[in-house]
Amino acid sequence: MSERFNDLIGVPFEYGGRGPDKFDCYGLLRHVYAQDGIDLPDYLSPSDGARITALMMGELRLWEQIETPEVGCALLIRVPGNMHCGYYLGGDWFLHTWRGSGGVVKERLSEWKHRVIGFYRYVGQR
């Protein structure tokens, strides 16, 4: 498992969190992509699931779906009440945060596989 983002583990979850002291799932994704030199467009994540889903699906034009996950790709995941995103670390690991985790965690992809909608590579402006 990658040790790269260990300093983020445990940072609390909060809707609209953009770091460094609190993150929501998209705020965390933006943060780790920025460390790779990629500036993802920002939007504030609303707290209700229907609006989060609509925003994420609308932004898919900036992402290319890939069949096989690559280190650094984004995952789109179903969670109770809405959808959410994570960052693929390689092997069987991904990084994410959501209301149910309470903060940033690294988890096994195999335990979430039934919830994964797809893997995506960012193709928007760099």
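Here we summarise the structure given alongside this text. Counting restarts for each chain, with residues numbered from 1 along the sequence as it is written. Residues qualify for local features only when their pLDDT is at least 70, as the model is predicted, and side-chain atom pairs are given and counted only at 80 or more; totals for whole chains, interfaces and linings, by contrast, use all residues. Excluding hydrogens and water, the side-chain figures rest on all heavy atoms present in the structure.

A run of DSSP states H or I qualifies as a helix once it reaches four residues; a run of E qualifies as a strand once it reaches two. Both are numbered from the N-terminal end. Tallying secondary structure elements over the protein gives two helices and six strands in all. Under the scheme applied here, a residue whose accessible area is under 20% of the maximum for its type counts as buried, over 50% as exposed, and between as partly exposed, the area being computed with a 1.4 Å probe on protein chains only. A burial count over the protein gives 46% of its 126 residues as buried. Contact criterion: two residues are considered in contact whenever any of their non-hydrogen atoms come within 4.5 Å of each other. Counting only contacts in the protein whose residues sit at least 6 apart along the sequence, the fraction spanning at least 24 positions is 53%. When the accessible area of the protein is evaluated, it comes to approximately 6,500 Å², of which 51% is carbon and sulfur surface. Only the protein chains shown count as cover for residues, and the accessible areas themselves come from Shrake-Rupley with a 1.4 Å probe.

Moving on, we come to the pattern of salt bridges. Every case where a carboxyl oxygen of Asp or Glu lies within 4 Å of a side-chain nitrogen of Lys or Arg is listed as a salt bridge. Tallied over the full model, the rule gives seven salt bridges. Taking the shortest distance from any N to any O, the salt bridge between Arg4 and Asp36 comes out at 2.3 Å. Taken together, the residues Arg4 in the segment before helix 1 (25-35) and Asp36 in the loop between helix 1 and helix 2 (49-58) connect sequence positions 32 residues apart. One salt-bridge network, held together by shared partners, links Glu64, Glu70 and Arg121.

Looking now at unusual backbone geometry. For residues besides glycine, phi is generally negative; the peptide bonds are generally trans as well. Following Gly19, the chain continues to Pro20 via a peptide bond in cis, the omega torsion being 0°. For Pro20, the location among the structural elements is in the segment before helix 1.

Within the element layout of this structure, His96 appears in strand 4 (residues 93-96). Engagement of the side chain of His96 in a polar contact is seen with the side chain of His84, the distance being 3.0 Å. In the analysis that follows, any N or O atom pair within 3.5 Å is treated as a polar contact, provided that within protein one partner can donate a hydrogen and the other can accept it, and provided that, for residues neighboring in sequence, both atoms belong to side chains. Within the structure, the side chain of His96 is placed 2.7 Å from the side chain of Glu107, a separation counted as a polar contact. When neighbours within four sequence positions are excluded, His96 is seen to be in contact with Leu28, His84, Cys85, Gly86, Gly103, Val104, Val105, Glu107 and Trp112.

Here the focus is helix 1. Every buried residue belonging to helix 1 is among Cys25, Tyr26, Gly27, Leu28, Leu29, Val32 and Tyr33, and all of these are buried. For helix 1, the N-terminal capping position is held by Asp24, with its side-chain oxygen 3.3 Å away from the main-chain nitrogen of Tyr26. Directly after helix 1, the chain includes Gly37, whose backbone phi takes a positive value near 85°.

Glancing now at the environment of Asp39. Considering the arrangement of structural elements, one finds Asp39 in the loop between helix 1 and helix 2. Here Asp39 falls in the exposed class, since its relative accessible area comes to 55%. Sequence separation between Asp39 and Gly124 is 85 residues, and the spatial gap between their C-alpha atoms is 9.4 Å. A distance of 3.1 Å separates the side chain of Asp39 from the side chain of Arg30, its partner in a polar contact.

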